[in-house]
Amino acid sequence: MKRNILIFMAMACLSFTTVFAQEPAIKKIIETGQTDNQVMHHLDILTNRFGGRPIGSDAYENAAEWIVREFKSWGVDVELQEAGTLPVGFNRGPWFGRLLGDNAMDLHFVTPSYTSGTKGLQRGHVLLEPRTQEEFNRMKGRLKGAWVLISGTNEGWPVDRSAHGDSIRVETKKKNEEIAKKNDELMEENWTKGTKHEMLPYEEYPGLFYKEMCEAGALGFIQSATVPLRALYNRNMLQDPATNFDNLPEVADIKLDEHQYAIIKQMAKERREFLLEFDIRNHFKLGPVKYYNVVGSIKGSKYPDEYVIVSGHLDSYDVATGGIDCGTGIGPMMEVARMIAQSGAKPKRTILFIGFAGEEFGLLGAQAWAKTNASKLPKIANMFNRDGGPEPPVGISVPQNVYDEFVRICEPIKKIRPDYPFEVKVREPRKRPTKAGGTDASVFAVQGVPTLGFITEDIKGYNFSYGEIWHTERDLFTKNIPEYQEHTATVTAIVVLGVANLDKQLSREGLYTKE
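Scoring rules and cut-offs
Residues numbered from 1 in each chain as written. Predicted model: local features only at pLDDT ≥ 70, side-chain atom pairs only at ≥ 80, totals over all residues. Heavy atoms only, no water. Axes fitted to C-alpha atoms, helices over the stretch in contact; angles between N-to-C directions. Helix = DSSP H or I, 4+ residues; strand = E, 2+ residues; numbered from the N terminus. Parallel < 35°, antiparallel > 145°, perpendicular 65-115°, else oblique. Left-handed = near helix turned anticlockwise from the far one by under 90°. Contact = heavy atoms within 4.5 Å. Nonpolar A, V, L, I, M, F, W, Y, C, P; charged D, E, K, R; others polar. Pairing = 2+ DSSP bridges. Buried < 20%, exposed > 50% of the residue type's maximum accessible area, 1.4 Å probe, protein only. Phe/Tyr/Trp six-rings, centres within 6.5 Å; stacked < 30°, edge-to-face > 60°. Lys NZ or Arg CZ within 6 Å of the ring centre and 35° of its normal. Salt bridge = Lys/Arg side-chain N within 4 Å of Asp/Glu carboxyl O. Core = buried A, V, L, I, M, F, W, Y, C linked by side-chain atoms within 4.5 Å. Polar contact = N/O pair within 3.5 Å; in protein donor to acceptor, adjacent residues only side chain to side chain.

S.K.: Whenever I open this one, the packing of helix 3 (residues 58-73) against helix 9 (residues 327-342) confuses me. Can you help?
M.R.: Two quantities define a packed helix pair, namely the angle between the helix axes and the distance between the axes. Packing of helix 3 against helix 9 brings their axes to within 10 Å, and their N-to-C directions diverge by 20 degrees. When the interaxial angle is binned, helix 3 and helix 9 end up roughly parallel. Helix 3 and helix 9 meet at a crossing whose hand is right-handed. On the side of helix 3, the interface is formed by W66, I67, E70 and F71, while helix 9 contributes I330, M333, M334 and A337. Across the contact of helix 3 with helix 9, the residue classes tally to seven nonpolar, no polar and one charged.

This is the structure:
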């Protein structure tokens, strides 16, 4: 019994010594967080000076190089690590559109990344897309110089120009020819027998006669879009090995405010005289274009080959500026690096600060890093990946066998803001995922790496809605909540440093259920 008591006292003393040794650094982090927190400055530069950052764009490359410069100025080792290439690059310029004539108005619209712009200011009449060969033949002479309203409601993706999309068009056209024949029969019966059969509706597929309309000289295609407007990228084109600078889309792909679309569609149905004009500056870059992960590091003083990761994805969509997705990951990640670097801390484990590339294009940067650094994966204590809203951390859920460690690590959080709660909770083992999901952390979870993340909550009631900004035109710097972001950076710095300074690596026991 006496021996057990001595062992317990020694362990407690060791834990106390570890915490006490880092107390000046923790105190400095809290002080910096309260008096010199720079997280909103990082976000301002990232979102307003560079803007939206799809991989393959100048904005992405500029943002990556700027983070490298900032890390170096703080004394953080950093490098750009190549994560892949794209067949072409893309830069977005300004865009505007107007309805000229009755109901004149400025138009509210977006275009997906990696789609064509206009050839300067282009003005034209409006047509409804054809659904049968007969309808196409009847209107083909009017397609030259026309804007064509197409079916469907936009979910962010452009018109599908792929071979798969063409095969669906072929089948849809066949079905519509059959429907047209049946409708002819119904009309004949209504005429001769006085019946009142309703016509059968045609099947729809956006841009059903896409290639034919392009060849006939259509200026572009307009699809209805819910508000706030969402715009993604031309995924099929970028994944096609045949894509190169010489076979890019050449007509505009416009996603128009559903309310304006309804007005214009009704006017077109009534065959009223009016025009639309658009000026859309979408520009391509000659490829291949490389893209990079930004990887900063503070080397461990005792266990340099063990790691703690702080990450977010640097890329974003570009009809907005990526202020939330993933500014709320990159901004705090940068400030955590600055706080720890300037605190005088000497972490026992190496801390990696990673801005991943191409998360929005399919977790490309995370997958590249995990593949290149496979030997590091078993040595990662935890990956703190942030990819969500601006809400602050109010707790963390951890396996039972590391609960005590996290309670000790998180104790200083109480000194930051008494009005912000924080609780360490126990979570039950979970089934280990078998495939990556919707964020970079999932790539690591598949490999068994701990990806314990913070519980967040809009505790002050600022009415933030992630659905409002997710991949939409409203993903802006102004959607951030400064006090939440500042608190996030400070809490993250304390917890990351605490994990990096444990006397032994966090156990993975109890993280996942046994297979």
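Structure's up, so let's keep going.
S.K.: Explanation requested: the sheet that holds strand 14 (residues 454-456) in the structure shown.
M.R.: The strands making up a sheet associate through backbone hydrogen bonding, with each pair oriented either parallel or antiparallel. Sheet architecture is open: three strands sit in the order 13-12-14, paired in mixed fashion. The open sheet has two free edges, formed respectively by strand 13 (423-426) and strand 14, since each of these has just one partner strand. In this sheet, neighbouring strand axes are inclined to one another by 35 degrees on average, regardless of whether the strands run parallel or antiparallel. As defined by bridge partners, strand 12 (residues 393-398) adjoins strand 14 across three bridges and the pair is classed as antiparallel. Opposite G395, over in strand 14, you have I455 as the bridge partner. Against the sheet, helix 11 (residues 403-410) contacts strand 12 and strand 13, and its axis sits at roughly 175 degrees relative to strand 13.

S.K.: Explanation requested: the side chain of T488 in the structure shown.
M.R.: Locating T488 in the fold gives a position in helix 14 (residues 482-500). Residue T488 is classed as buried on the basis of its relative accessible area, which comes to 1%. Apart from residues lying up to four places away in sequence, T488 is in contact with P332, R386, E391, P392 and P393.

S.K.: Even after reading the chapter, I still don't get the packing of aromatic side chains, so can you show me in this structure?
M.R.: Aromatic ring pairs are described here by two measures, namely the spacing of the ring centres and the angle between the planes. Overall, the coordinates contain 21 aromatic pairs when judged by the stated rule. Taking 5.9 Å as the distance between ring centres and 25 degrees as the angle between the ring planes, the aromatic pair formed by F384 and F454 counts as stacked. Taken together, the residues span a long stretch of sequence, with F384 in strand 11 (residues 380-385) and F454 in strand 14 at a distance of 70 residues. Each member of the pair, F384 together with F454, is buried. Each member of the aromatic cluster is reached from another via a ring pair, and the members are F90, Y114, W157, Y233, F284, Y317 and F361. Directly above the aromatic system of W95 lies the positively charged group of R92, at a separation of 5.4 Å from the ring centroid. Sitting over the face of the ring of F209, K173 holds its NZ or CZ atom 4.4 Å from the ring centroid.

S.K.: Help me understand the pattern of salt bridges, please; the structure alone is not making it clear to me.
M.R.: Oppositely charged side chains can form a pair if their charged atoms are brought close together. All chains considered together, the criterion is met by 29 salt bridges. Between E70 and R69 there is a salt bridge whose closest N-O contact spans 3.0 Å. A relative accessible area of 11% places E70 in the buried class. Between R349 and E306 there is a salt bridge whose closest N-O contact spans 2.8 Å. On the criterion of sequence distance, the pair formed by R349 in strand 10 (residues 349-356) and E306 in strand 9 (residues 303-313) is long-range, its members being 43 residues apart.

S.K.: Any chance you could explain the nonpolar core here in plain terms?
M.R.: Here is a general trend for soluble globular proteins: nonpolar side chains tend to be buried in one another's company. One finds F71, I340, F353, I396, F406 and V495 to be the most contacted residues of the largest nonpolar core, which totals 78 residues. Sorting elements by how many residues they give to this core places helix 14 first, with nine residues. Beyond its immediate chain neighbours, meaning those up to four positions away, I340 contacts I29, I298, A345, I351, A493, V496 and L497. Residues L107, V126, I264 and M267 belong to the second largest nonpolar core, which totals 20 residues.

S.K.: Is there a simple way to think about the environment of D160 in this case?
M.R.: Examined against the element boundaries, D160 turns out to sit in the loop between strand 5 (146-154) and helix 5 (163-193). A residue is classified by how much of its surface remains accessible, and D160, at 16% relative accessible area, is buried. Of note is the side chain of D160, whose polar atom sits 2.5 Å from the side chain of S162. Of the polar contacts made by the side chain of D160, one reaches the side chain of N236; its length is 3.1 Å.

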